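Residue-level structure breakdown
Spelled out from the first residue to the last, the chains are:
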Amino acid sequence: MAGKTGKLTSVRGAPKGFSTLDKKNRRLTRKDVHAAAKKYKNWGRWGKDDEIGTLNFTSADHIVAAAKLVQKGKVMSLALKYDNNGPQGAKSNYPALGRFNPIHLMTRTGTDAYSGILDHRKIRGTDDIIIMPLQCGTQWDGLGHILYGDFMWNGYDCRNVSSAGAAKAGIEKTAEKMVGRGVLLDVARAMGKKHLPDGFAITNEILDYTEQKQGVKVGRGDYLLVHTGHVQRCLDSKSWDGYSGGDAPGFAFETVSWIHKREIAGVATDTWGAEVRPNQTEDTTQPWHWITIPIMGLTVGEIFNLTELAKDCAADKRYEFLFVAPALPITGAVGSPVNPLAIK
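Right, let's walk through the structure included here. (Residues numbered from 1 in each chain as written. Predicted model: local features only at pLDDT ≥ 70, side-chain atom pairs only at ≥ 80, totals over all residues. Heavy atoms only, no water.)

**Focus: the side chain of R277**
- For R277, the position within the fold is in the loop between β12 (266-269) and α8 (287-292).
- Buried within the structure, R277 lacks any salt-bridge partner; its nearest side chain of opposite charge belongs to D247, at an N-O separation of 5.8 Å.
- A polar side-chain atom of R277 sits 2.9 Å from a polar atom in the side chain of Q286.
- Not counting residues up to four positions away in its chain, the partners in contact with R277 are T20, Y94, D198, G199, G245, G246, D247, A248, W272 and Q286. (Helix = DSSP H or I, 4+ residues; strand = E, 2+ residues; numbered from the N terminus. Buried < 20%, exposed > 50% of the residue type's maximum accessible area, 1.4 Å probe, protein only. Lys, Arg positive; Asp, Glu negative; His and termini not counted. Salt bridge = Lys/Arg side-chain N within 4 Å of Asp/Glu carboxyl O. Polar contact = N/O pair within 3.5 Å; in protein donor to acceptor, adjacent residues only side chain to side chain. Contact = heavy atoms within 4.5 Å.)

**A word on the sheet that holds strand β1 (residues 18-19)**
- The three strands are arranged β1-β9-β11 in an open sheet whose pairing can be described as mixed. Among the strands making up the open sheet, the edge pair consists of β1 and β11 (250-251).
- Judged from the two bridges that link them, strand β9 (residues 200-202) and β11 form a sheet pairing that is parallel. Each bridged residue has a counterpart across the sheet, and for I202 the counterpart in β11 is F251.
- On the sheet, helix α5 (residues 204-214) packs against β9 and β11 and is oriented at approximately 70° with respect to β9. (Pairing = 2+ DSSP bridges. Axes fitted to C-alpha atoms, helices over the stretch in contact; angles between N-to-C directions.)

**Digging into the side chain of R108**
- Assignment of secondary structure puts R108 in strand β3 (residues 103-108).
- Side-chain polar atoms of R108 contact the side chain of D127, separated by 2.8 Å.
- Other than its neighbours up to four places away in sequence, R108 contacts L118, R121, G125, T126 and D127.

**Digging into the environment of L105**
- Mapped onto the fold, L105 is located in strand β3.
- With 23 residues separating them along the chain, L105 and D128 place their C-alpha atoms 5.6 Å apart.
- Look past the residues within four positions of L105 in its chain and what remains in contact with it is D128, I129 and I131.

**Structural notes on the pairing of β12**
- On β12, burial covers both faces: G266 and A268 on one face and V267 and T269 on the other are all buried.
- Sheet analysis places strand β10 (residues 223-227) next to β12, joined by four bridges and oriented parallel. Looking at β12, one finds that L224 is bridged to V267.
- Pairing geometry for β12 and strand β13 (residues 299-302), over three bridges, is parallel. Across the sheet, the residue bridging to A268 is G301, located in β13.
- Between the parallel pair β12 and β13, the chain is carried across by α8, and the sense of this crossover is right-handed. (Right-handed = clockwise from strand over helix to strand, strands pointing away.)

**So, the sheet that holds strand β8 (residues 179-186)**
- If you walk across this open sheet you meet the nine strands as β2-β16-β14-β8-β10-β12-β13-β5-β15, and the pairing is mixed. Here the strands that pair on one side only, and so sit at the sheet edges, are β2 (75-77) and β15 (335-337). When the angles between neighbouring strand axes are averaged without regard to direction, this sheet yields 25°.
- The sheet strands contacting helix α2 (residues 60-67) are β8 and β14 (320-324), and the helix crosses β8 at an angle near 60°.
- Against the sheet, helix α9 (residues 307-316) touches β2, β8, β10, β14 and β16 (341-343), its axis set at about 80° to β8.

**What about α5?**
- Taken together, the buried positions of α5 are N204, I206, L207, Y209, T210, E211 and Q214.
- Along its buried surface, α5 packs onto β8, α4 (187-190), β9, β11 and α7 (255-262).
- After α5 finishes, the residue G215 shows a positive phi value of roughly 70°.

**A look at the environment of Y209**
- Structurally, Y209 can be placed in helix α5.
- Under the relative-accessibility criterion, Y209 is labelled buried at 4%.

**Looking at the pattern of salt bridges**
- By the definition in use, this model includes 23 salt bridges.
- Here D312 and K74 are joined by a salt bridge, their closest N and O atoms 2.8 Å apart. Of the two residues, D312 sits in helix α9 while K74 sits in the loop between α2 and β2, which places them 238 residues apart along the sequence.
- One continuous salt-bridge network, built from bridges that share partners, spans K72, K74, D312, D316, R318 and K344.

**Observations concerning the environment of E211**
- Following the sequence through the fold, E211 ends up in helix α5.
- Using a relative accessible area of 1% as the deciding quantity, one classes E211 as buried.
- The spacing of E211 and S163 is 48 residues in sequence and 43 Å in space, taken between C-alpha atoms.

**Let's talk about helix α6 (residues 230-237)**
- Restricting attention to buried positions, one finds in α6 the residues H230, V231 and C234. Buried residues of α6 fall within an arc of 105° about the axis and therefore sit on the same side.
- Where α6 terminates, the next one or two residues include K238, which has phi positive at roughly 60°. (Arc of directions from axis to C-beta.)

**Overview of the packing of aromatic side chains**
- Inspection of the entire model under this criterion finds ten aromatic pairs.
- Between Y223 and F323 the ring centres are 5.3 Å apart and the planes differ by 35°, which places this aromatic pair in the tilted class. Taken together, the positions of Y223 in strand β10 and F323 in strand β14 put the pair 100 residues apart, joining distant regions of the chain. Of the two residues, Y223 and F323, both sit in the buried class.
- Between the aromatic rings of F251 and W288, the centroid separation amounts to 5.0 Å while the plane-to-plane angle is 5°, which identifies the pairing as stacked. Of this pair, F251 sits in strand β11 while W288 sits in helix α8, and the two are 37 residues apart along the sequence. In this pair, the class of F251 matches that of W288, namely buried. (Phe/Tyr/Trp six-rings, centres within 6.5 Å; stacked < 30°, edge-to-face > 60°.)

Right under this line is the structure:
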């Protein structure tokens, strides 16, 4: 394999994988989730007071090396626009989470200026405000977002997240993180698809296969981006129906082992919930989240728009880049909107 050179290599045929639309592939239980929690728990790994989890894997040397990946000065935003055309509010069978698309309001306008009513200020200008759930669009899940029983990341009592926000592991603690080597695994392209079908489970074998096909290797401190084509499918159809909480391609539950072994800093996908839906469990919602966030301390990105990046990587055969995507330092927040940048 070509490792980090980006040279494509000849590999065996694509793994078949499986679909969770078939009920026989939804046989995992809460018992399996608890077993994984015992096996992949990172509590205390960075000390009893840690609040950023796997973001610790990215060192200063990793960032310096990532900066050297910039060769042509091309900057690509991986964010959807924050407006009323976003993915919230479409048809879904998933219970409402209270999320809605951003509401953008102007408090001073050019019309006000033209009328002269603000000229007593001796300057003309405009101002606006936005009302939005922090996880309504392209966003990071913070470590206070998902709980494991009565606990959150690093074994903190879940009551640390109150109506005042997260007293532990608030997203503001990551203000100088989410910078490093980004690696795109274009699973859709590797499997010969424009977009992966709903219920398509991305297994460890498929991740390995995609790496080999692209000639790239995901390693310690990296930010893994996985392209399924789901966002683009919705944009092409001009409908977000079913996107939020509906059936979707995504990580199989077994990938918690792959992510844990690789010591990845963070992962992000172009789906609503990162993991495959329907889930592989009937008695537990989003079981992959149960392990990755509160147990492993993994920062997870969702609703990333990876279309342009996937096309660019396919064109120049370089699937690694400088990744810059810090969260907004909102004190006590359990998630954050973000404008992730891939720089090549």
